[in-house]
Amino acid sequence: MANEFTAEFLTLRDRYIEKGFGRLNPVQKEAVFCTEGPLLILAGAGSGKTTVLVNRIANIIRYGSAHGSSWLPRAVTEEDLMELRTAMMMNTPLPAGLRSMMAKDPARPWNVLAITFTNKAADELKNRLAAMLGPTEGGDVNASTFHSACVRILRRDGERLGYPKSFTIYDTDDQQRAMKEVYKQLMVDDKFLPIKACIGQIGRLKDQLIAPEDALAAPIDSKAGLIAKVYDAYQKRLRSAGAMDFDDLIFNTVQLFMKEREVLEHYQNKFRYILVDEYQDTSVAQFHLVRLLAGGSGNVCVVGDDDQSIYRFRGATIENILNFEHHFPGAKVIRLEQNYRSTSNILDAANCVIQNNQGRKGKTLWTENGEGTKVHHYEAESEQDEASHIATVIGQHLRAGGKLRDHAILYRMNAQSNPVETYFARAGIPYKIVGGQRFYDRKEIKDIVSYMSIVANPRDDLRLRRIINEPARKIGATTIEKVAQLAQQEGTCMLDICARAGQFSELGRAAGALNKFYGLYQQMQEAATALPLDQFVSKLMEISGYEAMLRASGDEGVSRLENLGQLVSSVKTYADQKGLDASLEGFLEEVALISDLDSYDQDTDVVVMMTMHSAKGLEFDYVFILGLEEGVFPSELSRYSDEDLEEERRLCYVGITRAKKELYLSSSQSRMIFGQTRRNRPSRFLTEISPDLLEEERSPRLNRGGERSPYDRGGRSPYDFGGRAAAANRGYLNGDYNRSPAGSGSYGQSGGTGRGYGRVSSTEQPTQRRWTSTTAQPAAQPAKAAGEKPKFRPGDIVDHKVFGRGQVLKVTPVAGDTIVEIQFERVGIKKTMANYAPIKLVK
DNA sequence: ATCGATAAGATCGAC
DNA sequence: TCTTATCGAT
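Presented here is an overview of the structure given in this document. Bear in mind that the values here come from a model prediction, so they are computed numbers and not experimental data.

Scanning chain A for helices and strands turns up 32 helices and 24 strands. For chain A, contacts bridging at least 24 residues in sequence account for 75% of all contacts bridging at least 6. Total accessible area on chain A is roughly 36200 Å²; 50% of this is exposed by carbon and sulfur atoms.

If you want it as C-alpha cells, here you go:
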C-alpha cells in the first residue's frame, strides 16, 4: 500500500493531529498520544494532569490511535497530500474523503470511562470535555467516581446478586445504626469492640475483597473471629434490608463481575478505554475492579502521585501505584514533573518536606514560574492571634486588589477552623467552610430522605425504624422490637407486618397505630406515582405530620423547616436537570453519593476554609496552613508510627502545593485542644523547610527572650471568653444578623454545613477598647472595660483591619453588642460586630 | 413518651 | 470545651 506519498502523508498527519494539542509540553503530549495498552502517568502536583486527561480523551475520540502509527485505510494519493497541506495551512476543515484517513479506530464517547475521586472532579472533567469536544460528544463520556459507576452497574444487574433494583445506599450513620442492632443481637459489648473501629475493620475487609465467609473461615485471633461474626450478621442484615454500604458498592461490583461472565464482558466491550485519576488513593477492591474492566482491551491509564497518597488510613493502598507495572505487564510510565501552579519557592519548600519520606518513587518538581516571595512563617501567641494575623494579611491583599476567594485556610482537623471562624464572623469577613457536616447529614433531612427511601425500597427496615415514630405516632420501642421480631419469624419486612398488624395478637393495642402507619405508606406511594418529584416531597412532609411537628416546636423548628425547604428546592433542581430521567431512586442516589466538597463553588467571593484532605486537587493564590505544631500537625497519634508520620508528611506536601502565589504557614505557642491549653513545639515540617526559603515573623504579642506574656500572669487573657459566650451564640443564629442580604457579601453561605455563620456572643460582652498600635494589639480586643460602650454613629469614618477605610451607614444595637453596617471604599457594604471587629474610629 | 441531667468521647473523612 | 448518647424521672 505504501507509495511515494505515504511517508510524507504520515508525518503531515501527525503534525495535523498535534496541532489540536499545541499547548501541551512534550511529555504531556506523549501521554496524550499513548492511547493503547496500560499507561501509568506519575503526575506531580500542579503538573496539568487534568489537562492531560481531557486531551487524551479528546484524542481517543477524535483520532483514536492514528497518531504515530503508519496505519492507512487506503493508498495515499497526491490529492490527499495536497488537501491535507491546504487544510493545515489555511486552517480549514478537512474534506470528507480525508477524515477517515485521520482516525484509526476512534472511540465513541461512551466507550470511555473516566474515574475520579470526587463528583466535583468528575463534573470538571465533563465540563472541560464538553468545552473541547462540544456538549454532545463531551457529555456522553462516562466520567464518574468509582461509587457512582458501581451504582449504575449494580442497578442494572445487582439482582443477580440478590439485591433489589432500587437498593438503598447506607451512609456512615446508617451503618452505625445497623451495627448497633447487630451488637444487640449478638450481645457484643461496644467497650470491647468500639462500633466505629468495628465498622472500620469491616470496611478494610471489604476493601480487600474478603467476604464474611472468608473472614469466618480463618480467624487469626479471637478478636478477628468476633469481627468476622459481626461482619457476617451485619451483612445479612443489610442484605435483607436490600441495602449496601459504600464499601459494598465496590465489593459487590467486583463479585458481580467475577460471577457473571457476560455482565463483565458487556462492560469490557463497552468501556474500551479506562482512565483512573488519583490512583494512589485506590483500594485493593478498586484495583481489581479496574483490572477486570480493563481485561478486555488492556487500555487502562492511571494517573497518580505517590507523594499525595493521603487516605492510607482508610484502606487506600499505595502499592497499587507502586506495583502498576507489575500488575499490568508492558505498562508505559510517563512522569509529569513540570509544575505550572506554584512559584519555585513554594515548590522547593514542598520538595524539602517530602524528601524526608522513605518509600517513594522519587521525583522532583520543577517550574519555570518565578521564584516568588518567600514562604511566610508566622509564630503566633495563640490561635486567636493566628486568626488575627491571617485577617491582617487578607486585608492587605484585598486592598491591593485581591479577591477573598483567592484565599484558602487549610488545617489538619475540622475543629481548628473554630477560632478563625469566630474571628472572621465578628470581623464581618465573609467565609465558607467546606467539609464538616453535610447538608444531607442533618437530622430533619435524613428523616425526610428516609421517608423517601421507604417508598423506593419498602424492605429497608433500618430507615423504617428511623421514621416510624418520628413524628410520634404512639409506636414505642417495645412495639418496634415486636414488629422486627415478627418480621424475622415471617421472613418478611417490618412494613409488611404493619400492613397485617391485626393478625398478630401479640401486638395488642399497637396494631391500630401500625395500621395507620401503613396507611401513610400507601398514601406516600400514591403521591409518588401521581405527583412530580418535588411536589411529592412537599406532600410527604405534610401527610407524615413532620412539617406540623416542626411548626409546633418553635425556633429550632423554623430553621429546620427552612432546611427542608432547601431540600425541596434541590429536588426540584434535580428534577429540572434530569427531565424525564428524573426518578426517586436517582435522587436518593445523588443524595447518598454527594459530598460537601461537591457543593463548593469557586465563584462566590468568600474565603474558603477546609481540611488539607478536602483541599486535594484544588488550588488557590494564597494558602494559609494553620497549626504547624508537633501534636497538631503531625498529629499526636501519628507520632509513634513511621508510616503514619509519612502520611502526615504527604498531607503537608498536598497542603503546600495548593498554593500558587504565596504560602503562609503558622504555628502557635499555645493552643486550646479539647478544652485544655497546650504548648506545642513548632512542627518538624517547618524545620524540614530550608531556612533560606522561609521568612520568619513573630507575633508582637510574644516577648523576646522567652518571657511570659502578660496574660500568663494569672489574669484572664483577653481572648479567654470562657464557655458562656459560646453558649449564648445560639440566640444569635436565628437573629437578623445572619440574614444579611446576600448581595452585600457579608457572611459567606456556609453551604449548608450549619457553621459558617458567625458564632457571635450576645451576652456579657466586654466593650471594645480602642487600640493604639495596629500591630501590637490583638484585633478583636474585647477588653473588660465595663461601662464603656462602643460609639459608632452613622456617618463616622472608620478603619477596618481587613476592609480598610469606610463610612458607617447604620448602627443596630442587639443584645450586648452592636451591628455596624459600613460602606467601605474598596469592598462595598459589610456588617460587623462593633465589639469584636477590628475597626477603629478615624473621624 | 419526652425532657433534662450526666457521662463519655473527641482525627483525617471521598463515596 | 463542646457535642452526643444514654439513663432516669415525670
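We are not done yet, so read on.
Moving on, we come to the side chain of Thr-253. Inspection of the secondary structure assignment puts Thr-253 in helix H13 (residues 246–259). On the accessibility criterion, Thr-253 (0% relative accessible area) is buried. Excluding its chain neighbours within four sequence positions, the residues that come into contact with Thr-253 are Cys-150, Ile-153, Leu-154, Asp-248 and Leu-289.

As a further point, take the packing of aromatic side chains. Two numbers describe a pair of aromatic rings. These are the distance of the centres and the angle of the planes. Evaluation of the coordinates by the stated rule reveals 15 aromatic pairs. Judged by centre distance (5.9 Å) and plane angle (85°), the ring pair of Tyr-279 and Phe-324 falls under edge-to-face. Residue Tyr-279 is found in the loop between strand S6 (273–276) and helix H15 (284–294), and its partner Phe-324 is found in helix H17 (residues 324–327); the two are separated by 45 residues along the sequence. The residues Tyr-279 and Phe-324 share a single accessibility class, namely buried. Clustering of aromatic rings is evident, with ring pairs tying together Tyr-279, Phe-287, Phe-324 and Phe-328.

One can describe the packing of helix H8 (residues 146–157) onto H13 by two numbers: an axis separation of 9 Å at closest approach and a directional angle of 55°. Relative to H13, H8 is oriented oblique. Crossing hand, H8 versus H13: left-handed. Judged by residue contacts, Phe-146, His-147, Cys-150, Val-151, Ile-153, Leu-154 and Asp-157 of H8 engage Phe-246, Leu-249, Ile-250, Asn-252, Thr-253, Leu-256 and Phe-257 from H13. Residue composition of the contact of H8 with H13, grouped by class: ten nonpolar, three polar and one charged.

A word on the packing of H8 against helix H29 (residues 584–593). Contact geometry of H8 with H29 gives a least axis separation of 11 Å together with a crossing angle of 150°. By the criterion of interaxial angle, the relationship of H8 to H29 is roughly antiparallel. Note that H8 runs across H29; the crossing there is right-handed. Side by side, H8 and H29 meet where His-147, Ser-148, Val-151 and Arg-155 of the first sit next to Glu-585, Glu-589 and Leu-593 of the second. Its residues assigned to classes, the contact of H8 with H29 comprises two nonpolar, two polar and three charged.

Taken together, 27 residues form the shell around DNA strand B, and within it Arg-314, Arg-412, Asn-414, Ser-595 and Thr-611 come nearest. The contact atoms of DNA strand B, taken as those within 4 Å of the protein, divide so that sugar and phosphate hold 54%. Contacts to DNA strand B include Asn-414, whose backbone N or O atom sits 2.6 Å from a phosphate oxygen. In terms of residue class, the surface near DNA strand B is built from twelve nonpolar, eleven polar and four charged.

With parallel pairing, six strands are arranged side by side in an open sheet as S3-S2-S6-S7-S1-S8. At either end of the open sheet lies a strand with only one pairing partner, and these are strand S3 (142–145) and strand S8 (332–336). Going from strand to strand, the sheet's axes swing by 15° on average, the running direction of each strand aside. For strand S2 (residues 112–116) and S3, the ladder comprises four bridges, and the chain directions are parallel. Looking at the pairing, Leu-113 lines up with Asn-142 of S3. Across the sheet, H15 lies against S2, S6 and strand S7 (300–304), angled at about 160° from S6, the strand it touches most.

If you check helix H12 (residues 222–241), its first and last C-alpha atoms are 29 Å apart, about what 20 residues at 1.5 Å a residue would give, namely 28 Å. Sitting at the amino-terminal end of H12 is Asp-221, which places a side-chain oxygen 3.1 Å from the backbone nitrogen of Lys-223. At the C-terminal side of H12, Gly-242 shows a positive phi close to 65°.

Once that is clear, we can look at the sheet that holds strand S14 (residues 607–611). An order of S13-S14-S12-S15-S16-S11-S19 is seen for the seven strands of this open sheet, with the pairing classed as parallel. Of all strands in the sheet, those with a lone pairing partner are strand S13 (431–433) and strand S19 (694–698), marking the two edges. Taking each pair of neighbouring strands and ignoring which way they run, the sheet shows an average axis angle of 20°. When strand S12 (residues 407–411) meets strand S15 (residues 620–625), the two strands line up parallel, connected through four bridges. Residue pairing across strands places Ile-409 opposite Phe-624, the latter belonging to S15.

This paragraph deals with the nonpolar core. Membership of the largest hydrophobic core comes to 69 residues, with the highest contact counts inside it found for Met-179, Val-230, Leu-249 and Phe-257. For this core, the element with the most residues is H12, which contributes nine residues. Apart from the residues lying within four places of it in its own chain, the contact partners of Phe-257 are Ile-153, Val-263, Leu-264, Tyr-267, Leu-289, Leu-292 and Leu-293. Formed by 52 residues, the second largest nonpolar core is a distinct cluster that contains Val-455, Cys-498, Phe-504 and Phe-587.

It is worth spelling out H29 at this point. Burial of H29 is extensive: eight of the ten residues sit out of reach of the surface. All buried positions along H29 are accounted for by Leu-584, Gly-586, Phe-587, Leu-588, Glu-589, Val-591, Ala-592 and Leu-593.

Our focus in this paragraph is the pairing of strand S11 (residues 375–380). Taken across its six residues, S11 has six buried, putting it largely inside the fold. Across the two faces of S11 the burial is the same, with Val-375, His-377 and Glu-379 and His-376, Tyr-378 and Ala-380 all buried. Sheet analysis places S11 next to S19, joined by five bridges and oriented parallel. Considered in S19, the bridge of Tyr-378 is made with Glu-697. Strand direction decides the pairing type here: S11 and strand S16 (residues 659–668), joined by five bridges, are parallel. Opposite His-377, over in S16, you have Leu-665 as the bridge partner.

A separate point is the environment of Gly-631. Assignment of secondary structure puts Gly-631 in the loop between S15 and helix H30 (642–656). Taking the C-alpha atoms as reference points, Gly-631 and Glu-547, 84 residues apart in sequence, are found 46 Å from one another. Residues in contact with Gly-631, not counting those within four places in the same chain, are Glu-636 and Arg-639.

Glancing now at the pattern of salt bridges. Scanning the model with the defined rule gives 57 salt bridges in all. Here Asp-207 makes a salt bridge to Arg-204, at a shortest N to O gap of 3.3 Å. Taken together, the residues span about one helical turn, with Asp-207 and Arg-204 both in helix H10 (residues 195–207) at a distance of three residues. For Arg-204, a relative accessible area of 24% puts it in the partly exposed group. The partner of Glu-386 in a salt bridge is Arg-671, with the nearest N and O atoms 3.1 Å apart.

Rules behind the numbers
- For every chain, the first residue of the written sequence is number 1, and numbering continues from 1 along that sequence.
- A letter from A marks each chain and a number from 1 marks each ligand, given out in the order of writing.
- Totals for whole chains, interfaces and linings use all residues, but because this is a predicted model, local features are given only for residues with pLDDT of at least 70 and pairs of side-chain atoms are given and counted only at 80 or more.
- Computation of side-chain values: all heavy atoms of the structure, hydrogens and water removed.
- What counts as a helix is a DSSP run of H or I of at least four residues, what counts as a strand is a run of E of at least two, and both are numbered from the N terminus.
- The contact criterion used throughout is that any non-hydrogen atoms of two residues lie within 4.5 Å.
- All accessible-area figures derive from a Shrake-Rupley calculation using a 1.4 Å probe, and residue coverage is judged against the displayed protein chains alone.
- Each residue gets one of three labels from its accessible area relative to the maximum for its type: buried under 20%, exposed over 50%, partly exposed in between, using a 1.4 Å probe on protein chains only.
- Pairing of aromatic side chains requires ring centres within 6.5 Å, counting the rings of Phe and Tyr and the six-membered ring of Trp. Pairs whose planes differ by under 30 degrees are stacked, by over 60 edge-to-face, and all others tilted.
- Helix axes are fitted to C-alpha atoms over the stretch in contact, other axes to C-alpha atoms as well, and angles between N-to-C directions run from 0 to 180 degrees.
- Small angles under 35 degrees read as roughly parallel and large ones over 145 as roughly antiparallel, with 65 to 115 read as roughly perpendicular and the rest as oblique.
- By the definition used in this description, the sense in which the near helix is turned from the far one sets the handedness, with an anticlockwise turn below a right angle giving left-handed and a clockwise turn giving right-handed.
- Charged residues are taken to be Asp, Glu, Lys and Arg, nonpolar residues to be Ala, Val, Leu, Ile, Met, Phe, Trp, Tyr, Cys and Pro, and polar residues to be all remaining types, Gly included.
- We call a residue near a molecule or strand when any one of its heavy atoms sits within 4 Å of it.
- Side-chain atoms alone can form a polar contact between residues adjacent in sequence; in general such a contact is a pair of N or O atoms within 3.5 Å, and within protein one must be able to donate a hydrogen while the other accepts it.
- Here, strands pair whenever DSSP counts at least two bridges between them.
- In this analysis, the expected span of each helix is defined as 1.5 Å times one less than the number of residues it contains.
- To define a nonpolar core, start from buried Ala, Val, Leu, Ile, Met, Phe, Trp, Tyr and Cys residues and group those joined through side-chain atoms within 4.5 Å.
- What makes a salt bridge here is a side-chain nitrogen of Lys or Arg within 4 Å of a carboxyl oxygen of Asp or Glu, nothing more.

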